[in-house]
Amino acid sequence: MLNRFFIFLLLIQSFAFAQDIPQKPNPPRLVNDLVGGLLSQGEIDQLEQKLKNYNDTTSTQVVIVIVKSVQPYDISEYAVKLGREWGIGQKDKNNGVILLWAPGDRKIFIATGYGTEGALTDARSKRIIEQIIKPNFKEMRYFQGLNEATDRIIQYLSGEFQAETSEEGDAGDVVFAIVFFLIVIIIITFMIKKGGGGGNRGGGFVPYTTYTGWGSSSGGWSSSSDSSGGGFDFGGGSFGGGGAGGDY
């Protein structure tokens with residue numbers, strides 16, 4: 001009799017957990033404020049436009065979800081279950097990221113799909129929370145925190161911070177990259193001078209550089225894409241438990 005009672009309690013708990021996960025938005029949106037009042041509609045639209053542009057370009061889906069509380073459950077479990085039930089990211093790539101914020105608990109969690117764990121490691125997710133989100137949220141700069149955090153997430157996913165000095169032990173890689181770059185510049189300069197500057201009719205040497213940034217917290221984001229949330233859908237991606245969280 002006692003065993004049946006415990007099984008009954010577990011079933012009730014499982015049902016309650018399922019009820020706590022909000023339904024997938026229809027039409028799908030990448031910024032889902034289920035609390036209201038913490039962001040203005042203009043701020044939501046700005047975030048939506050940026051993340052939609054990134055989704056349109058790369059098929060990688062970075063989703064912000066704001067719920068009042070995840071209690072009595074752990075925020076990491078809640079984020080993973082939400083990602084699986086909504087199917088964030090593409091099914092064949094599992095390239096989804098969730099930034100989950102529970103203001104009633106004062107907790108944040110960044111959950112990564114299987115396909116984004118390599119670029120957005122647990123350590124990097126933790127750094128985004130500690131260095132960007134928490135300082136802004138403590139000062140009630142909620143939009144700025146989310147805007148800068150999603151910029152940094154996109155930069156990591158785009159490979160712009162691969163040589164960044166971090167607790168992952170890549171300081172030696174930075175030194176190597178700098179030395180290698182200086183050697184290349186010296187060799188190129190030597191070859192240009194050796195070839196005779198007088199015969200160069202095209203003017204001075206202009207090194208070619210590229211930048212693949214996806215915007216910054218200071219503005220400058222521009223696109224003709226619609227920010228209404230339509231025109232895309234979650235692709236059935238899955239999550240394996242990667243990510244990091246924190247309180248503020």
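Residues numbered from 1 in each chain as written. Predicted model: local features only at pLDDT ≥ 70, side-chain atom pairs only at ≥ 80, totals over all residues. Heavy atoms only, no water.

The protein chain is annotated in an unreviewed UniProt entry as TPM domain-containing protein of Emticicia oligotrophica.

Colleague: Lay out the overall build of the protein chain with the relevant residues and their values.
Modeller: In terms of regular secondary structure, the protein chain is built from six helices and five strands. Along the protein chain, helices (α) and strands (β) appear in the sequence α-β-α-β-α-β-β-α-α-α-β when read from the amino end. Residues classed as buried in the protein chain amount to 41% of the 248 residues present. Taken as a whole, the protein chain presents about 13,700 Å² of accessible surface, with 56% of it coming from carbon and sulfur. (Helix = DSSP H or I, 4+ residues; strand = E, 2+ residues; numbered from the N terminus. Buried < 20%, exposed > 50% of the residue type's maximum accessible area, 1.4 Å probe, protein only. Areas by Shrake-Rupley, 256 points an atom, 1.4 Å probe, with all protein chains shown as cover.)

Colleague: Give a detailed account of helix 5 (residues 142-157), specifying residues and quantitative values.
Modeller: Since the α-helix advances by 3.6 residues per turn, residues separated by three or four positions end up pointing in the same direction. Here helix 5 contains 16 residues, and its C-alpha end-to-end distance of 22 Å stays within 8% of the 22 Å for a straight helix at 1.5 Å per residue. Here helix 5 lies mainly inside the structure; 13 of its 16 residues are buried. Directly beyond the C-terminal end of helix 5, a positive phi value near 85° is found at G159. (Expected span 1.5 Å × (residues − 1).)

Colleague: Mind laying out the environment of D20, listing which residues take part and the relevant values?
Modeller: Position of D20 relative to the elements: it lies in helix 1 (residues 2-20). On the basis of relative accessibility, which here comes to 32%, the residue D20 falls in the partly exposed class. Sequence-wise, D20 and V70 are 50 residues apart; in three dimensions their C-alpha atoms are separated by 7.7 Å. Those residues in contact with D20 that sit more than four places away from it in its chain are Q71, Y73 and Y78. (Contact = heavy atoms within 4.5 Å.)

Colleague: Hey, could you go over the sheet that holds strand 2 (residues 61-66) for me, with residue numbers and the actual values?
Modeller: Within the open sheet, the five strands sit side by side as 1-2-3-4-5. Their pairing is mixed. Edge positions in the sheet fall to strand 1 (31-33) and strand 5 (239-247), since each has one partner strand and no second. The average undirected angle you get between the axes of adjacent strands in this sheet is 15°. As judged from the six bridges shared by strand 3 (residues 96-102) and strand 4 (residues 107-113), these two strands associate in the antiparallel manner. Within strand 4, the position partnered with I98 by the bridge is A111. (Pairing = 2+ DSSP bridges. Axes fitted to C-alpha atoms, helices over the stretch in contact; angles between N-to-C directions.)

Colleague: Give me helix 3 (residues 75-86): which residues, what numbers.
Modeller: The end-to-end C-alpha separation of helix 3 is 16 Å, in line with the 16 Å expected for twelve residues at 1.5 Å each. What helix 3 keeps buried is the set I75, Y78, A79, V80, L82, G83 and W86. Looking one or two places after helix 3, you find G87, whose phi comes out positive at around 70°.

Colleague: Which residues make up the packing of helix 2 (residues 41-58) against helix 5, and what values go with them?
Modeller: When two helices pack together, their arrangement is captured by the angle between the axes and the distance separating the axes. Remark: helix 2 packs on helix 5, axes separated minimally by 11 Å, with the N-to-C direction vectors making an angle of 5°. Classified by the angle their axes make, helix 2 and helix 5 are roughly parallel. Along the contact surface, helix 2 presents E43, Q46, L47, K50, L51 and Y54, while helix 5 presents F143, L146, N147, T150, D151, I154 and L157. Residue classes in the contact of helix 2 with helix 5 are distributed as seven nonpolar, three polar and three charged. (Parallel < 35°, antiparallel > 145°, perpendicular 65-115°, else oblique. Nonpolar A, V, L, I, M, F, W, Y, C, P; charged D, E, K, R; others polar.)

Colleague: Kindly report on the confidence of the model for the protein chain, identifying the contributing residues and their values.
Modeller: Taken as a whole, the protein chain shows an average pLDDT of 78; of its residues, 68% reach a score of 70 or greater. In this model residues 165-172 is a low-confidence stretch, pLDDT under 50, and it forms 14 contacts with partners more than four residues away in sequence or in other chains. The model gives residues 197-227 a pLDDT under 50, and that stretch makes 38 contacts with residues more than four places away or in other chains. (pLDDT = per-residue confidence, 0-100.)

Colleague: Could you give an account of the nonpolar core, with specific residues and numbers?
Modeller: If you look at the biggest cluster of nonpolar residues, it comprises 50 residues, and the most contacted ones within it are L99, L100, I128 and I153. Counting residues per element, this core draws most heavily on helix 5, which supplies eight residues. Beyond its immediate chain neighbours, meaning those up to four positions away, L100 contacts V65, V67, V70, I75, Y78, A79, K107, I108 and F109. (Core = buried A, V, L, I, M, F, W, Y, C linked by side-chain atoms within 4.5 Å.)

Colleague: Talk me through a nonpolar patch on the surface; I want residue IDs and the actual numbers.
Modeller: Judged by side-chain polarity, I178, F181, L182 and I185 come together as a nonpolar surface patch covering roughly 380 Å² of accessible area. With respect to the helices and strands, L182 occurs in helix 6 (residues 171-194). (Patch = residues over 30% accessible without salt bridge, like charges linked within 9 Å, V, L, I, M, F, W, Y side chains within 5 Å. Salt bridge = Lys/Arg side-chain N within 4 Å of Asp/Glu carboxyl O.)

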